[in-house]
Amino acid sequence: MWAYVLRKLLYNIPVYFGIILLMMAALRVNDPVNNYLGKHPTPEQRLALEKDMGLDQPFIVQYVRFIVHIPLLDFGDSWKYEGTTVRERLIRAVPPSLSFTVPTLLAAAMISIVVSLVSAYYRGRPVDKTLMILAVLGMSVSYLVYIILGQFFGAFWPREAQWSLAPFAISGYEPWIGMKDVEGGGSAFFFSPTTWVTYCLLPVIVGVIVAMGYDTRFYRAVMVEECTRDYIITALAKGATKRKIMFVHMLKNALIPIVTRVMTTLPFLITGSILLEMFFNIPGMGKTLITAINDNDFPMIQGFVAVFAAVMILTIILTDVIYALVDPRVRLS
Amino acid sequence: MNAPTNSTAAPVLSVRNLTTSFRTDMGIVTAIDGVSFDLAAGETLGIVGESGCGKTVTSKSIMRLLPEHLTIYGPDSEVLFEGSDLMKANERTMRRVRGDKIAMIFQEPMTSLNPVFRIGWQLEEALKYHTDLNRSERRERAIEMLRLVEIPNPEHRVREYPHQLSGGMRQRVMIAIALCCEPSILIADEPTTALDVTIQAQILDLMASLKKKLNTAIMLITHDLGVIAQVCDRVLVMYAGRVIEDASVHDIFYRPQHPYTQALLESIPRSGGKERGKRLPTIEGMVPSLHELPSGCRFSERCRYCEDRCVQEEPDLLRAEDGRRVRCHFPLSTDRTAAARGET
Ligand SMILES: Nc1ncnc2c1ncn2[C@@H]1O[C@H](COP(=O)(O)OP(=O)(O)OP(=O)(O)O)[C@@H](O)[C@H]1O
Ligand code: SF4
Ligand SMILES: [Mg+2]
């Protein structure tokens with residue numbers, strides 16, 4: 001298996017270089033310096049930025065230099081936020097994104113798998129119909145409606161009503177896990193679940209509701225197909241309970257489509273949901289990218305795309321490996 | 001071929017008036033209607049009939065494996081097993097019976113095993129539900145069962161997945177799973193139909209030898225009379241949801257009393273003899289749809305002996321003194337059979 005992974009990685013290196021080439025060329029079609037400085041920059045300003053990113057060099061030199069620096073995530077300094085490197089800003093944006101995307105992804109996957117198993121097993125019956133109506137309702141309502149309702153009833157309204165405990169924050173973001181400087185020097189680990197609830201739970205709930213509508217229906221279709229397989233009746237005839245059949249026999253068979261679906265949503269872990277991060281003011285990857293684009297912060301954009309492309313490629317390789325792990329009929333070669 | 005088991009021994013299974021209907025988009029259809037029979041301990045009972053006559057529904061009804069919400073059993077249907085009526089048993093009791101007391105194997109060995117679990121796991125699953133054996137004892141028993149069904153190298157096979165085995169091997173695994181708790185009844189629903197002829201014979205031999213070893217009663221469902229002749233003691237012939245004849249294998253083959261049984265026998269290809277090269281006789285006409293069954297005898301539309309009475313009134317399944325049962329107003333006599341044979 002490791003040989004397979006290694007081979008896949010090697011095959012994908014040229015692909016990755018190609019993506020970087022296209023990305024770098026595209027970002028230079030419109031002069032990035034002009035974009036950032038506006039129409040009439042002074043020659044000194046221009047020169048400073050060009051030198052900073054090596055834009056005065058031939059493209060091939062820039063390209064090779066960029067690629068050489070990727071392993072260290074060395075993408076230069078942010079133009080907008082002087083004195084911070086792109087790497088710093090990217091790394092700083094990861095924990096806020098993960099602190100709500102990981103729970104969202106896990107909860108959405110688990111709940112929708114359970115719901116779809118039950119729904120598929122009792123297909124056509126009242127349980128199934130009720131669950132599916134809920135799923136369609138869930139996905140038909142816009143993200144924004146959930147965000148607005150959630151913020152109103154979860155944050156604004158309790159605060160106005162002077163509840164002693166407002167469950168969620170209206171704005172702002174504080175990290176809930178990490179290292180903190182301590183007075184008198186040094187740093188200490190801190191972890192605060194209540195801070196997480198305040199800042200992350202509401203976006204998680206909204207994310208789960210929206211994702212569940214789609215996921216449940218997709219998984220249900222998969223499970224319904226599994227329900228008609230002969231091995232189900234074999235298991236029943238052996239004396240297996242419905243629960244064993246659903247959660248052992250069917251689930252393991254359905255893992256391939258489940259893995260495919262979960263993996264396609266994996267990049268969401270990194271990018272964060274841009275919408276959620278914007279509305280809940282979470283300084284994650286999504287928000288950082290949008291801000292960088294708005295600011296025409298060229299080094300940030302370039303670095304972000306390079307990282308994102310790498311994550312995508314790794315996800316695809318990981319998907320293959322997981323396939324082989326969950327399905328004995330898949331052989332990596 | 002053994003002589004029919006003496007009818008004085010108490011049967012292990014008594015099916016009485018088993019009627020199974022389905023809710024469908026076109027209303028309620030009754031797939032089997034008033035099926036009654038006994039299965040004696042250690043007996044091999046064959047059930048034959050054309051496709052759709054209700055063989056599978058009968059066997060799945062006995063184990064209550066049909067989709068609950070779509071299935072309606074007749075109010076006076078009874079499946080008497082070990083002193084209780086399985087029709088009235090709760091789900092828990094049924095689970096204890098399934099796989100332990102009554103086991104079942106199916107037609108499609110390629111799909112009946114779960115593709116993502118190892119052979120050993122699937123064998124041990126039944127043991128986990130029905131025995132107190134611990135993990136290593138279960139593994140031992142699984143290997144022992146694979147050896148019993150003559151799978152070479154069982155220590156190695158338990159770790160393999162179904163796709164690594166041939167169809168015949170998989171059906172052996174299915175048999176091993178079915179027999180691992182030493183059930184008193186094994187229901188085999190067309191266990192060899194999907195296999196090629198040589199493998200078919202091997203599987204049938206295996207079932208016959210295991211039956212002797214474990215004294216399991218077998219209900220063998222098939223539409224192949226050749227298979228019946230090879231392994232069964234007694235035969236139940238079904239037509240359009242009804243039992244139409246019930247007799248020993250010998251009687252069925254040499255003295256059939258129901259015109260449908262006779263027609264079935266005539267449709268068997270016989271090797272050798274003057275019939276070779278002739279077109280295979282098939283039974284003319286079609287099985288009536290369950291939605292529009294004739295009011296009289298269900299076979300009347302295709303029966304060459306049909307009379308007015310047959311169309312007006314459905315015959316009962318009558319038991320003769322010798323224990324044979326036949327559902328026909330004009331059962332065939334030996335002479336008539338011989339005469340009919342001569343004609344074709
Ligand atoms: N779930 C169901 N819903 C509706 N009708 C059904 C259902 N299951 C079986 N039937 C009907 O019951 C009748 C008997 O089917 P069954 O499967 O018992 O036939 P069979 O004798 O086993 O035939 P085969 O030799 O093809 O296996 C068929 O007409 C079939 O259409
Ligand atoms: S009852 Fe009449 S129609 Fe039916 S099988 Fe007997 S002879 Fe034929
Ligand atoms: Mg069948």
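Relevant structure appears above.
Scope of this entry: the structure provided in the associated data block. (Residues numbered from 1 in each chain as written. Chains lettered and ligands numbered in written order. Predicted model: local features only at pLDDT ≥ 70, side-chain atom pairs only at ≥ 80, totals over all residues. Heavy atoms only, no water.)

## Description of the nonpolar core
Side chains of nonpolar character tend, in soluble globular proteins, to be buried together.
Part 1 of the reasoning: Ranked by internal contacts, the top residues of the largest apolar core, which has 118 residues, are Met250 of chain A together with Ile62 of chain B.
Part 2 of the reasoning: Ranked by the residues each element gives to this core, the list is headed by helix α7 (residues 167-179) of chain B, at 7 residues.
Part 3 of the reasoning: Counting 27 residues, the second largest nonpolar core, distinct from the first, contains Ile67, Leu90, Ala306 and Ile317 of chain A. (Core = buried A, V, L, I, M, F, W, Y, C linked by side-chain atoms within 4.5 Å. Buried < 20%, exposed > 50% of the residue type's maximum accessible area, 1.4 Å probe, protein only. Helix = DSSP H or I, 4+ residues; strand = E, 2+ residues; numbered from the N terminus.)

## Description of the sheet that holds strand β8 (residues 185-189) of chain B
Part 1 of the reasoning: The strand order across the open sheet built from 8 strands is β7-β8-β9-β3-β10-β11-β13-β12 (chain B), with neighbouring strands paired in mixed fashion. Whereas interior strands pair on both sides, the edge strands pair on one side only; in this sheet they are β7 (102-105) and β12 (318-319) of chain B. (Pairing = 2+ DSSP bridges.)

## Some points on the site of ligand 2
Part 1 of the reasoning: If you check the shell around ligand 2, you find His258, Pro259, Cys297, Phe299, Ser300, Cys303, Tyr305, Cys310, Pro315, Cys328, His329 and Phe330 of chain B and nothing else.
Part 2 of the reasoning: Class assignment for the residues of the shell around ligand 2 results in 9 nonpolar, 3 polar and no charged. (Near = heavy atom within 4 Å. Nonpolar A, V, L, I, M, F, W, Y, C, P; charged D, E, K, R; others polar.)

## Points about the interface of chain B and chain A
Part 1 of the reasoning: Between chain B and chain A, the contact holds 29 residues from the first and 22 residues from the second.
Part 2 of the reasoning: Carbon and sulfur atoms make up 61% of the area that chain B and chain A hide from each other, which totals about 2,300 Å².
Part 3 of the reasoning: Note that Lys238 of chain A is salt-bridged to Glu125 of chain B, the shortest N-O span being 2.6 Å.
Part 4 of the reasoning: The interface formed by chain B and chain A contains 13 residue pairs in polar contact (both at pLDDT 80 or more).
Part 5 of the reasoning: Elements supplying a minimum of two residues to the side of chain B that touches chain A: β7, α3 (109-112), α4 (119-130) and α7 of chain B.
Part 6 of the reasoning: Here the side of chain B that touches chain A takes 6 residues from α4 of chain B, the largest share from any one element. (Contact = heavy atoms within 4.5 Å. Buried area = accessible area lost by both parts, 1.4 Å probe. Salt bridge = Lys/Arg side-chain N within 4 Å of Asp/Glu carboxyl O. Polar contact = N/O pair within 3.5 Å; in protein donor to acceptor, adjacent residues only side chain to side chain.)

## Things to note about the site of ligand 1
All names here are of chain B.
Part 1 of the reasoning: Contacts to ligand 1 come from 13 residues, most closely from Ser51, Gly52, Lys55, Thr56 and Val57.
Part 2 of the reasoning: Here an oxygen atom of ligand 1 sits 3.0 Å away from a polar atom, N or O, in the main chain of Gly54.
Part 3 of the reasoning: At 3.1 Å, a side-chain N or O of Glu190 approaches an oxygen atom of ligand 1.
Part 4 of the reasoning: Surface burial for ligand 1 is 67%, taken as the share of its 630 Å² of free accessible area covered by protein chains. (Areas by Shrake-Rupley, 256 points an atom, 1.4 Å probe, with all protein chains shown as cover.)

## Comments concerning the pairing of strand β2 (residues 27-40) of chain B
All names here are of chain B.
Part 1 of the reasoning: Summarising the sheet, strand β1 (residues 11-24) and β2 pair through 10 bridges and their orientation is antiparallel. Bridge pairing in β2 places Thr24 opposite Gly27.
Part 2 of the reasoning: Connecting β1 to the next strand, β2, in antiparallel fashion are 2 residues.

## A closer look at the pairing of β1 of chain B
Part 1 of the reasoning: With 4 bridges joining them, β1 of chain B and strand β5 (residues 78-81) of chain B adopt antiparallel strand pairing. Within β5 of chain B, the position partnered with Ser14 of chain B by the bridge is Leu80 of chain B.

## Things to note about the packing of helix α1 (residues 2-27) of chain A against helix α4 (residues 59-69) of chain A
Axis angle and axis distance: for two packed helices, these are the angle between their axes and the distance between the axes, and together they describe the pair.
All names here are of chain A.
Part 1 of the reasoning: For the pair α1 and α4, interaxial distance at closest approach is 11 Å and the crossing angle is 130°. In terms of orientation, α1 lies oblique with respect to α4. Considering how the two elements wind past one another, α1 and α4 form a crossing that is right-handed. On α4, the residues that touch Phe17, Gly18, Ile20, Leu21, Met23, Met24 and Ala25 of α1 are Phe59, Gln62, Tyr63, Phe66 and Ile67.
Part 2 of the reasoning: For the contact of α1 with α4, the residue count by class is 10 nonpolar, 2 polar and no charged. (Axes fitted to C-alpha atoms, helices over the stretch in contact; angles between N-to-C directions. Parallel < 35°, antiparallel > 145°, perpendicular 65-115°, else oblique. Left-handed = near helix turned anticlockwise from the far one by under 90°.)

What is shown is where atoms sit, not what they do.
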